[in-house]
Amino acid sequence: SLAGVCEFVLSLRKKLSNIICDRQTRRYWTTARSAASGNDADSLQHTDVVAVNVTYRDGREYYSDFRVDGRPTAATDYELSGKTWSHGEFATMLAAIFAPSSKAGFHYSRETKLHSIPAFVFDFKVAAQNNRLYFLQSRDKIWFPDYGGSIWIDARTPSLIRLQLETAHIPDYPIERTKAEIDYSTVPLGDGTSMVLPTSSKAVICATNAKCSRSITKFKSWHKFRATTKMVVRPFGLIVTKPTLPMP
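Thresholds, definitions, all that
- Residues numbered from 1 in each chain as written.
- Predicted model: local features only at pLDDT ≥ 70, side-chain atom pairs only at ≥ 80, totals over all residues.
- Heavy atoms only, no water.
- Helix = DSSP H or I, 4+ residues; strand = E, 2+ residues; numbered from the N terminus.
- Salt bridge = Lys/Arg side-chain N within 4 Å of Asp/Glu carboxyl O.
- Buried < 20%, exposed > 50% of the residue type's maximum accessible area, 1.4 Å probe, protein only.
- Phe/Tyr/Trp six-rings, centres within 6.5 Å; stacked < 30°, edge-to-face > 60°.
- Lys NZ or Arg CZ within 6 Å of the ring centre and 35° of its normal.

Engineer: When you look at the environment of K211 in this model, what are you seeing that I'm missing?
Structural biologist: By the element assignment, K211 lies in strand β13 (residues 211-224). Taking the C-alpha atoms as reference, K211 lies 9.8 Å from I175; in sequence the two are 36 residues apart.

Structure (structure tokens):
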């Protein structure tokens, strides 16, 4: 089952060509203690809702059409707003784990159920000296930490259904620790095909000032982007082209 997921991840660059979706993220601020406890009853202060279009092409994720609380904003202004932001849930995090250069160590953990689906759980670890793909950034400072987590695989298919990722404690850096959880499902793409894609994610990012941010993300309206041209011959030889843009 793990080999099947590995093959799936390493072929994502080709399979995800021309895939696009809407991503909506609710961001919150909270204290490090309440974030660690996972107790939603502790005071969570809502900050904003960020909506963005995500496109995957040529092995990379691209973000466009940023909207904060419904208001359009330039990506540069958004990135410089001083608030936390995570990316890579589309495919980059998975590619980083399974990349040969990461030399990730995997071991079988247990068999369990997730939403009534029987699942195999494998734990993994990537050492900092082998990590060249998964990074943290605070202003102009970028670093590549130790990280690990768990991969949940549908025991029936087998296909990926959850990724959990957490960095080790990182003293003397602007971000001390991060935690992410991404759920996957088989999603129809509107043209009769389907694919295993992320449907939701949660992330916690804790800074050295004992403050943590928390975000909950939904991925919606997955579809393939393509354009077709219809040529119609008019009297006197006039040719008119009619483009068709994103397929619903």
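On we go from here.
Engineer: Please clarify how the pattern of salt bridges should be interpreted in this entry.
Structural biologist: When the charged atoms of two side chains lie near each other, side chains of opposite charge can form a pair. Using the criterion set out here, one finds 5 salt bridges in the structure. Between E181 and R162 there is a salt bridge whose closest N-O contact spans 3.6 Å. On the criterion of sequence distance, the pair formed by E181 in strand β11 (residues 175-188) and R162 in strand β10 (residues 160-167) is long-range, its members being 19 residues apart. A relative accessible area of 10% means that R162 is categorised as buried.

Engineer: Explain the packing of aromatic side chains to me, please; I cannot follow it from the model alone.
Structural biologist: For any two aromatic rings, the description comes down to two numbers: the centre-to-centre distance and the angle of the planes. All told, the structure shown has 9 aromatic pairs when counted by the stated rule. Ring plane angle 25 degrees and centroid distance 5.3 Å describe the contact between F98 and F106, whose orientation is recorded as stacked. With a relative accessible area of 28%, F106 lands in the partly exposed category. What links up through ring pairs into an aromatic cluster is the set F98, F106, F124, Y134 and Y147. In this arrangement the basic side chain of R162 is found over the ring face of W152, its NZ or CZ atom lying 5.5 Å from the centre.

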